[in-house]
Amino acid sequence: MSKMSNTDLGRLLKSEEIQKVIRAPNKKVERSRIKYNPLKNIRAMSKLNPYAIVLKRAAILKNRSINAAKSKGQEFDLKKLQTIRKQMIEKAKKAQGDKAKKGDAHVKAKLAKLDKRKTKKKEQGKKRAAEASKPKPKIPPSPSKKTKAVKK
């Protein structure tokens, strides 16, 4: 005798009793990410060391200037390259300093605005505290209907 009385497996799986018990299907597929070698991939290296981009660019520029000097038949002068680079760095620092000064003025203005708001809130709080500490005048209770009836 067979173990299954109903051999229609598809209908069995779609039945309510089985659908209540089984968990929901996992439709979201997570793919594994590719691990890039930072020594070969500059983007992976820049995540680990952002200054690596600067170093790589400096090496490329140095190689270009060496190759240009060789193609012209001249000797490569490292000191000349270093002096040019120092001048460029100083120029960049000066430009960055000017931007920082503008930014500082902007930040100072915002801080001043916030300080004004704080002092205004403190003054309002003091006013409320002063009003709360003042004794309130006692208002006599209004005569009710019962008292009026008694008076008549």
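Worth saying up front: this structure is predicted, and the values here are computed from it rather than measured.

Draft legend 1. Inspection of the overall build of the chain at higher detail. Scanning the chain from terminus to terminus reveals six helices and zero strands. Going from the N terminus to the C terminus, the chain shows its helices and strands as α-α-α-α-α-α. Considering the chain as a whole, with its 152 residues, one finds that 5% of them fall into the buried category. A total of about 16,100 Å² of accessible surface is found on the chain, and carbon and sulfur atoms cover 58% of it.

Draft legend 2. Summary view of helix H4 (residues 52–72). Helix length check: H4, at 21 residues, gives a terminal C-alpha distance of 30 Å against a target of 30 Å (1.5 Å per residue), a fit within 8%. What H4 keeps buried is the set Ala-52, Ile-66 and Ala-69. Projection of H4 onto a plane perpendicular to its axis shows the buried side chains occupying an angular sector of 120°, all on one side. Set apart from the buried face of H4 by more than 90 degrees, the exposed residues are Arg-57, Arg-64, Ser-71 and Lys-72. For H4, the elements touching its buried residues are helix H3 (42–48). Taken from the residues just after H4, Gly-73 is the one with a positive phi, measuring 85°.

Draft legend 3. Broad picture of a positive patch on the surface. Taken together, the side chains of Lys-110, Lys-113, Lys-116, Arg-117 and Lys-121 present a region of like positive charge at the surface. Judged by relative accessible area, which is 51%, Lys-110 ranks as exposed.

Draft legend 4. Representation of the confidence of the model for the chain in the model. Predicted confidence across the chain gives a mean pLDDT of 81, with 88% of residues reaching 70 or more. Ranking the elements of the chain by mean pLDDT puts helix H6 (residues 145–151) last with 54 and H3 first with 92.

Draft legend 5. Representation of a nonpolar patch on the surface. A grouping of Met-4, Leu-9 and Leu-13 is seen on the molecular surface, where their side chains present a nonpolar patch of about 280 Å² in accessible area. Under the relative-accessibility criterion, Met-4 is labelled partly exposed at 40%.

Criteria and thresholds
- Residues numbered from 1 in each chain as written.
- Predicted model: local features only at pLDDT ≥ 70, side-chain atom pairs only at ≥ 80, totals over all residues.
- Heavy atoms only, no water.
- Helix = DSSP H or I, 4+ residues; strand = E, 2+ residues; numbered from the N terminus.
- Buried < 20%, exposed > 50% of the residue type's maximum accessible area, 1.4 Å probe, protein only.
- Areas by Shrake-Rupley, 256 points an atom, 1.4 Å probe, with all protein chains shown as cover.
- Expected span 1.5 Å × (residues − 1).
- Arc of directions from axis to C-beta.
- Contact = heavy atoms within 4.5 Å.
- Patch = residues over 30% accessible without salt bridge, like charges linked within 9 Å, V, L, I, M, F, W, Y side chains within 5 Å.
- Salt bridge = Lys/Arg side-chain N within 4 Å of Asp/Glu carboxyl O.
- Lys, Arg positive; Asp, Glu negative; His and termini not counted.
- Charge placed at Lys NZ, Arg CZ, Asp CG, Glu CD.
- pLDDT = per-residue confidence, 0-100.

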